[in-house]
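Descriptive structure summary
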Amino acid sequence: MTEFPTDIFSGRRFAVLGLGRNGAPAARALARMGATVQAWDDGENGRAALAETETGISGELVVAPFDTLAGFDALVMSPGIPHILPKPHPVALLARDAGVPIVSDAELLFQAVRKAGSKARFAGVTGTNGKSTTTALLAHLLRSSGVPVAEGGNLGPAALSLPFLPDSGVYVLEMSSYMLERLLDLHFDVACLLNLSPDHIDRHGDMTGYVNAKSHIFDRMDAHDLAVIGMNDPMLDGVASDLRTRGVPVQTISATDKHADIHADDSGIVDESGLIATPGSSLPGAHNAENACAALAMALRLGAPRDVLAKSIGNFDGLAHRQKLIANADGVAFVDDSKATNADASARALACYDRIVWIAGGIAKAGGIEDLAPYFPRIEEAFLIGRDAPMLAETLARHGVAHRLVGDLEHAVPAAFAAAKATGAEVVLLSPACASFDQFSGFEARGLHFIALSRALLMNQGKSGLPER
């Protein structure tokens, strides 16, 4: 793996708005590839970070506000900044007035790879839930098969932070709906749409808009490619039908439906040729079986040998904050599922355990936790934190679920452990079903705080706090 040539964007002019996890690396990378880059962030901290001395730049990088976008080749906007709904950012309006395309950094990664002469393939992963695990698992499977791999996008490194790969390489990109709305030429050789549930409706208007945004991952696919579609979601039936009408090969996946092309049974993940692989303990639950189905389908299409897949899937360690066992004491497991920022994601965790002490709350998504009612009988007691804890409490009260409003994790963790020991619950589960931004900078910070509190609690009680192996 090497760096991109320093002249492939020579003579090109890019605007970059938003200098966070995506924008700052994009601005630097484009300038290193020879482009003239003007970058801006509405926050002083973002501007200050990029204003520091940069090395290895063959183009030009300036930090300055935008009066016009006339003469620019493209505007790279950080995914979280709206360009249409709920209200377009003023710079997006400047781009529209100047006829300048608004693109994601993933689009420019694809352009850079092709301009640099590489035929490296692209694998795209999207869905409301499970896309990060699927992305990481696919990268692991390919890497174990000896394929040069770089993974990132919505997960991990920003797209333009990824290295240059040769013809034999594969870029594995997690794609959010925000990123998928801003593509021009990016062509995925394999792509999957795992599932859909209501999310980001403010950005897409309604579920139809959300489905359309997610479906952009298949836009430029043809008969030489492969689309992988979750079979258990009726909203995806139309997507699969449209792809088949276009002549795009489709494989369906399911953790439960034996009619899917690749599905789970008692032996593991199977297809028409038999057993492919048996996932290990780092992929618990039906939802992770479906993630494994998707990753294995794409890995096979990309040439990974079946025997290598069968061995390497057991070495996958899972991702932080996604049903991660972080401590185990007195018969109680502490499980960090902080990434569950909506009810559908929490449903996947709640389905994995029979007796649960549940820590939930934060900023609730549309619909709250009402859809989780089928799992409420598994909950011995719930401890609610964050802004919308009272709303969640109302739902639990209607269904007769024992609960307490405790405000924050500092109070929730010791109370939940005590409740688990008193009731015989097998797990203290942090699966908030809510966003974290009322109390934390993101789900990662929320998960790390839960881990620290849990292990400190156990250490103070003379226990190791480390998970049993």
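What comes next concerns the included structure. Bear in mind that the values here come from a model prediction, so they are computed numbers and not experimental data.

1. Concerning the side chain of Asn 22
For Asn 22, the position within the fold is in the loop between strand S1 (13–17) and helix H1 (23–32). Overall, the relative accessible area of 10% leaves Asn 22 in the buried class. When residues no more than four places from it in sequence are discounted, the contact partners of Asn 22 are Pro 79, Asp 105, Gly 153 and Ala 158.

2. Structural notes on the sheet that holds strand S16 (residues 332–336)
The strand order across the open sheet built from six strands is S15-S16-S21-S17-S19-S20, with neighbouring strands paired in mixed fashion. The open sheet has two free edges, formed respectively by strand S15 (324–329) and strand S20 (403–407), since each of these has just one partner strand. Each strand axis lies, on average, 20 degrees off the axis of its neighbour in the sheet, ignoring direction. Pairing between strand S17 (residues 356–361) and strand S21 (residues 427–430): four bridges, direction parallel. Pairing of Trp 358 across the sheet is with Leu 429, part of S21. Sitting on the sheet, helix H15 (residues 443–460) is in contact with S15, S16, S17 and S21, with an inclination near 160 degrees to S16.

3. Topic: unusual backbone geometry
Residue Pro 86 is reached from Leu 85 by a cis peptide bond, and omega for that bond is -5 degrees. As for its position among the elements, Pro 86 is in the loop between strand S4 (74–77) and helix H3 (90–98). Not every positive phi belongs to a glycine, and His 321 is a case in point at roughly 70 degrees. In this structure, His 321 sits in the loop between helix H11 (306–312) and S15. Even without being glycine, Asp 330 reaches a positive phi, approximately 55 degrees. By secondary structure assignment, the location of Asp 330 is in the loop between S15 and S16.

4. Some points on the sheet that holds strand S9 (residues 190–193)
What the nine strands build is an open sheet, ordered S7-S8-S6-S9-S10-S11-S12-S13-S14; its pairing is mixed. The open sheet has two edge strands, strand S7 (149–153) and strand S14 (274–277), and neither has a second partner. Adjacent strand axes in the sheet meet at a mean angle of 25 degrees, parallel and antiparallel pairs treated alike. Where strand S6 (residues 121–126) meets S9, four bridges bridge the pair, whose relative direction is parallel.

Parameters and conventions
- Residues numbered from 1 in each chain as written.
- Predicted model: local features only at pLDDT ≥ 70, side-chain atom pairs only at ≥ 80, totals over all residues.
- Heavy atoms only, no water.
- Helix = DSSP H or I, 4+ residues; strand = E, 2+ residues; numbered from the N terminus.
- Buried < 20%, exposed > 50% of the residue type's maximum accessible area, 1.4 Å probe, protein only.
- Contact = heavy atoms within 4.5 Å.
- Pairing = 2+ DSSP bridges.
- Axes fitted to C-alpha atoms, helices over the stretch in contact; angles between N-to-C directions.

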